Amino acid sequence: MISLLDQQAPDDGFAGAKLATDDNNTTGRFLGQAFQLIDAPVGGQDDPLAALASLADQGIAFALVDLAADGVLKLAGPAGTRGITLFNIAARDDNLREKDCRADVIHIAPTRSMLADALAQYLVWKKWTRWMLVLGSHPEDALLADAYRRAAKRFGARIVDERIFKDSGGARQTDSGVIQVQQQMPVFTQGAPDHDVVVAADENEVFAGDLPYRTWTARPVVGSAGLVPVTWDASSDSWGGAQLQNRFVRLYHRRMTALDMQAWTAVRMIGESASRTKSADPKAIMAYMKGPEFGVAAYKGQRLTLRDWNWQLRQPILLSDGRNVVSISPQPGFLHQVTELDTLGIDRPESQCKLK
Amino acid sequence: MRGRLGCAAGLATIRPTMALLAFSFVDVLFPARSQALTAYVSNERDNTISVVDLDAMKAVKTIDVGERPRGITLTRDGHFILLCASDDDTIQVIDTKTLKVVGNLPSGPDPETFALNAAGNLLYVSNENDSMVTVIDIDARKVMAEIPTGVEPEGMTVSPDGQTIVNTSETTNMAHFIDYKTRKVTANVLVDARPRIAMYRHDGTELWVSAELGGTVSVIDPVAHAVKRKIGFEVQGLRSDVIQPVGIRFTADDALAFVALGPANRVAVIDTKTYQVKDYLLVGQRVWQMDFTPDGKLLLTTNGLSNDISVIDVAALKVVKSIQVGRLPWGVVVAP
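Residues numbered from 1 in each chain as written. Chains lettered and ligands numbered in written order. Predicted model: local features only at pLDDT ≥ 70, side-chain atom pairs only at ≥ 80, totals over all residues. Heavy atoms only, no water.

1. Comments concerning the pairing of strand 23 (residues 276-282) of chain B
Relative to strand 23 of chain B, strand 22 (residues 266-271) of chain B runs antiparallel, the two sharing six bridges. The residue bridging B:Val269 from the neighbouring strand is B:Asp279, located in strand 23 of chain B. (Pairing = 2+ DSSP bridges. Helix = DSSP H or I, 4+ residues; strand = E, 2+ residues; numbered from the N terminus.)

2. Let's talk about helix 9 (residues 282-289) of chain A
For an α-helix, 3.6 residues make a turn, and residues three or four places apart therefore share a direction. Residue and element names in this part refer to chain A. Where helix 9 is concerned, the buried positions are Ile285, Met286, Tyr288 and Met289. Take helix 9 and look down its axis: the buried residues cluster within an arc of 160°, on one side only. Away from the buried face of helix 9 by more than 90 degrees, exposed residues Lys283 and Ala287 are located. Where helix 9 is buried, its residues meet strand 1 (62-65), strand 2 (85-88), strand 3 (105-107) and helix 8 (258-277). (Buried < 20%, exposed > 50% of the residue type's maximum accessible area, 1.4 Å probe, protein only. Arc of directions from axis to C-beta. Contact = heavy atoms within 4.5 Å.)

3. A look at the UniProt feature "domain: YNCE-like beta-propeller" (unreviewed entry) in chain B
Mapped onto this numbering, the UniProt entry annotates "domain: YNCE-like beta-propeller" (unreviewed entry) at residues 255-333 of chain B. Measuring from the first to the last C-alpha atom of residues 255-333 of chain B gives 22 Å, for a span that is 0% helix and 61% strand. (UniProt positions renumbered as here; feature names shortened; annotations may be inferred.)

4. Some thoughts on the UniProt feature "domain: Leucine-binding protein" (unreviewed entry) in chain A
Here the UniProt-annotated "domain: Leucine-binding protein" (unreviewed entry) positions come out as residues 15-163 of chain A. A distance of 38 Å separates the end C-alpha atoms of residues 15-163 of chain A, which is 46% helix and 16% strand.

5. Observations regarding the packing of helix 4 (residues 112-125) of chain A against helix 5 (residues 139-155) of chain A
Residue and element names in this part refer to chain A. Contact pair helix 4 / helix 5: the axes reach a minimum separation of 8 Å and the direction vectors enclose 45°. Put simply, helix 4 runs oblique to helix 5. As helix 4 runs across helix 5, the sense of the crossing is right-handed. Across from Arg112, Ser113, Ala116, Asp117, Leu119, Ala120, Gln121 and Val124 in helix 4, the residues of helix 5 making contact are Glu140, Leu143, Leu144, Ala147, Tyr148, Arg150, Ala151, Arg154 and Phe155. Taken together, the residues that form the contact of helix 4 with helix 5 break down as 10 nonpolar, two polar and five charged. (Axes fitted to C-alpha atoms, helices over the stretch in contact; angles between N-to-C directions. Parallel < 35°, antiparallel > 145°, perpendicular 65-115°, else oblique. Left-handed = near helix turned anticlockwise from the far one by under 90°. Nonpolar A, V, L, I, M, F, W, Y, C, P; charged D, E, K, R; others polar.)

6. Here we look at the domain arrangement of chain A
For an interface, size is often stated in terms of accessible area lost upon the parts coming together. Residue and element names in this part refer to chain A. The domain boundaries assigned to chain A delineate domain 1 (4-110 + 233-315) and domain 2 (113-230). Taking only C-alpha atoms into account, the centre of domain 1 sits 30 Å from that of domain 2. At the junction of the two partners, domain 1 supplies 11 residues and domain 2 supplies eight residues. Summed over the three residues of domain 1 that lose the most area to domain 2, namely Arg92, Asp94 and Pro110, the buried surface amounts to 48% of that side. Here Arg92 ties to Glu203 by a salt bridge, and the two come within 3.6 Å at their closest N and O atoms. For the pair domain 1 and domain 2, the interface holds one residue pair in polar contact (both at pLDDT 80 or more). Its residues assigned to classes, the side of domain 1 that touches domain 2 comprises three nonpolar, two polar and six charged. (Domains from an automatic or database assignment. Buried area = accessible area lost by both parts, 1.4 Å probe. Salt bridge = Lys/Arg side-chain N within 4 Å of Asp/Glu carboxyl O. Polar contact = N/O pair within 3.5 Å; in protein donor to acceptor, adjacent residues only side chain to side chain.)

7. So, the side chain of B:Glu206
Residue and element names in this part refer to chain B. Its place among the elements puts Glu206 in the loop between strand 16 (195-200) and strand 17 (207-211). With a relative accessible area of 4%, Glu206 lands in the buried category. Side chain to side chain, Glu206 and Lys228 meet in a polar contact 2.9 Å long. When sequence neighbours within four positions are dropped, the list of residues in contact with Glu206 reads Met199, Tyr200, Arg201, Val219, Ile220, Pro222, Lys228 and Tyr275.

8. Examining the packing of aromatic side chains
One pass over the full model with this rule turns up 12 aromatic pairs over all chains. Judged by centre distance (4.9 Å) and plane angle (80°), the rings of B:Trp208 and B:Phe250 are edge-to-face. Placement of the pair is B:Trp208 in strand 17 and B:Phe250 in strand 20 (residues 248-250), with a sequence separation of 42 residues. Of the two residues, B:Trp208 and B:Phe250, both sit in the buried class. Cluster of aromatic residues (ring-pair linked, three or more members): A:Phe165, A:Phe188 and A:Phe207. Positioned above the aromatic ring of B:Trp288, the side-chain terminus of B:Arg196 is 4.2 Å from the ring centre. Here the basic side chain of B:Arg286 rests over the ring of B:Trp288, its NZ or CZ set 3.4 Å away from the ring centre. (Phe/Tyr/Trp six-rings, centres within 6.5 Å; stacked < 30°, edge-to-face > 60°. Lys NZ or Arg CZ within 6 Å of the ring centre and 35° of its normal.)

9. Focus on the interface of chain B and chain A
Each side of the interface is counted separately: chain B has 30 residues, and chain A has 26 residues. Buried surface at the junction of chain B and chain A, summed over both partners, amounts to about 2100 Å²; 48% is from carbon and sulfur atoms. Together, B:Asn129, B:Leu190 and B:Leu213 form the three largest contributors to the area buried by chain B at its contact with chain A, with a combined 25%. Linking chain B with chain A are three salt bridges, by the criterion used here. In this structure, B:Arg239 and A:Glu340 form a salt bridge, with 3.0 Å as the shortest nitrogen-oxygen distance. The interface formed by chain B and chain A includes 15 residue pairs in polar contact (both at pLDDT 80 or more). Taken together, the elements giving at least two residues each to the side of chain B that touches chain A come down to strand 14 (174-179) and strand 15 (185-190) of chain B. Examining the composition of the side of chain B that touches chain A, we find that three residues originate from one element, strand 15 of chain B, more than from any other.

10. As for the state of the cysteines
All names here are of chain A. Scanning the entire structure with this criterion turns up one disulfide over all chains. Put simply, Cys101 and Cys353 are joined by a disulfide, and their sulfur atoms are 2.0 Å apart. As the torsion about the S-S bond is roughly 90°, the Cys101-Cys353 disulfide counts as right-handed. A residue pair is termed long-range when its members are at least 10 positions apart, and Cys101 in the loop between strand 2 and strand 3 and Cys353 in the segment after strand 12 (325-329) qualify at 252 residues. As far as the burial class goes, Cys101 and Cys353 line up, both buried. (Disulfide = S-S within 2.5 Å.)

11. A short note on helix 1 (residues 14-28) of chain A
The terminal C-alpha atoms of helix 1 of chain A, which comprises 15 residues, lie 20 Å apart, in line with the 21 Å expected from a rise of 1.5 Å per residue. Within helix 1 of chain A, 11 of the 15 residues are buried, which leaves the element mostly enclosed by the surrounding structure. At its buried positions, helix 1 of chain A is contacted by strand 1, helix 7 (241-252) and helix 8 of chain A together with strand 14 of chain B. (Expected span 1.5 Å × (residues − 1).)

12. Observations regarding the nonpolar core
Residues and elements named next belong to chain A. In this structure, Trp264, Met269 and Met289 are the most contacted members of the largest nonpolar core, which totals 37 residues. Of all the secondary-structure elements, those providing two or more residues to this core are helix 1, helix 7, helix 8 and helix 9. Sorting elements by how many residues they give to this core places helix 8 first, with nine residues. Ignoring sequence-local partners within four residues, the contact set of Met289 consists of Phe87, Met269, Ile270, Ser273, Phe294 and Leu306. Core analysis: the next-biggest nonpolar cluster, separate from the first, contains 24 residues, Tyr122, Leu144, Ala147 and Tyr148 among them. (Core = buried A, V, L, I, M, F, W, Y, C linked by side-chain atoms within 4.5 Å.)

Now the structure itself:
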């Protein structure tokens, strides 16, 4: 975390799931359906499998998983045997939807390639096609950088320079930190060939937040800071979004994050399928969700549907500057024979997923 | 009723001098307002109402109102505009003679739209943030009842016989039928995603509900409480996901229905016998709400993104004019 404003709330994600459960129950009242949410916190040292087993013993059929990719993979097999469908609300790893895809894992979180494509389309639309790519030294940063390289190639941008920012364990801008950062960032970005934007790939919030206003040449920063691709932003008020934001702030006394939205969407998908099937049978609910009729409204101006080749949720991606939604991708002109939303991320023909 | 509303302790509004000057200037231009056919348009982003002279076909005055004005209607006698000032959590009462805010109704939080009962003394309000429909006695300015409905209540309408109130809920995706007398929900009909507007035929035989994200209009049998037909839309060259039905209006003889298609920038004209779309009329951008002139000859549409209203000649099925109003026009009502 670089900005104090980015401090994660203890109930980040969970609050979104709670709100959606309330929404489901309001709807369920008219259909004689009730929804219950159980919290199973998993600490750094805890085995998520134990938590899953305990939930299975309580008869849970759907589990939202807020874990990194390895955690999701670890749960996927055992969940399937206990009849639990997992909803991956956090892990962005493309491999979970590709070679490691599973029939009973639904992905609400967008992939790195979806996020990178969403940003890339906007940059290309803006004709900012010469990118300086700056990535962190963590493995996730390398994956995100891959996604940006792929996006550049797909949409006709060029990466004119690449640099790696080594995580040497610095802290926030306390005391002399500001001065150091002010010296460090211009030098770090010095001497690059002409570029239109600096694309930062920094998933662990090590350096990207320090880049804006400090680059050697005056260029906008995008990616992990500056203009950021997200599934939700607290300023998004289009398509009735203001109502959701108001409801959320009133209940939880903070702004709604992307993780909250991903959890909200997962729970609403379950609720929507339950009300359409008028059933509480998990099999019926999942059959509907995986069927052609399914779609969920999530304040994005169109119904969100599932990719039936890897159970990834299709969704528009917002480009946020932290105060406003600057644009929403897919951008006009990026066409697709099925749905423009499939211009974001790995599409069916390229997919390596074989659902089992 | 008029006296009681008029003498209310209105909100004191302090305006900068420039605005006052503009006001008196427009007044001079527009002395004979009562003669002309007048439309009132709520501008969600400007916190204003545009007063449109339909003889001159232009906006002649702007009224400053509360925050985020959306639903707009007139009292049955035409003396007052009722306006949902959503972010002020109130319904404002505006005198159509003086065009001044003269009072407020206790609407409950975040009122979005409303419907008057047949007698015109009760107002049914959807409270979008609260999953509630509030019933207000207009004369007494009192909340008579709060009726729990689905998540994000939106469309409100009253059946022609006055016995049933219908509310749609955008996130619950239902039309809720409420009994006028008992004020209890008697039936819930699931429709497609994000229902916006519910509208009875004048003869009461059908209730039509638009689903903005579902892209359909459900035709509901109001006795059986069942969807008997779904109307879909297709516009050459447009992606299906930009066809988002919102406003619905029937001609007085119920022969035609007009459905506003949001970002498709078109109004569909539907033959109510065959349920077939017979025409798509190109209007301004993101068309939502509509209202007929009292003679039924013109239909006005609010176009949120182009900041104008389109005027449709109903007999010719032609768009004859677009009139600039404020920013993000939401609702429109034409004075009798």
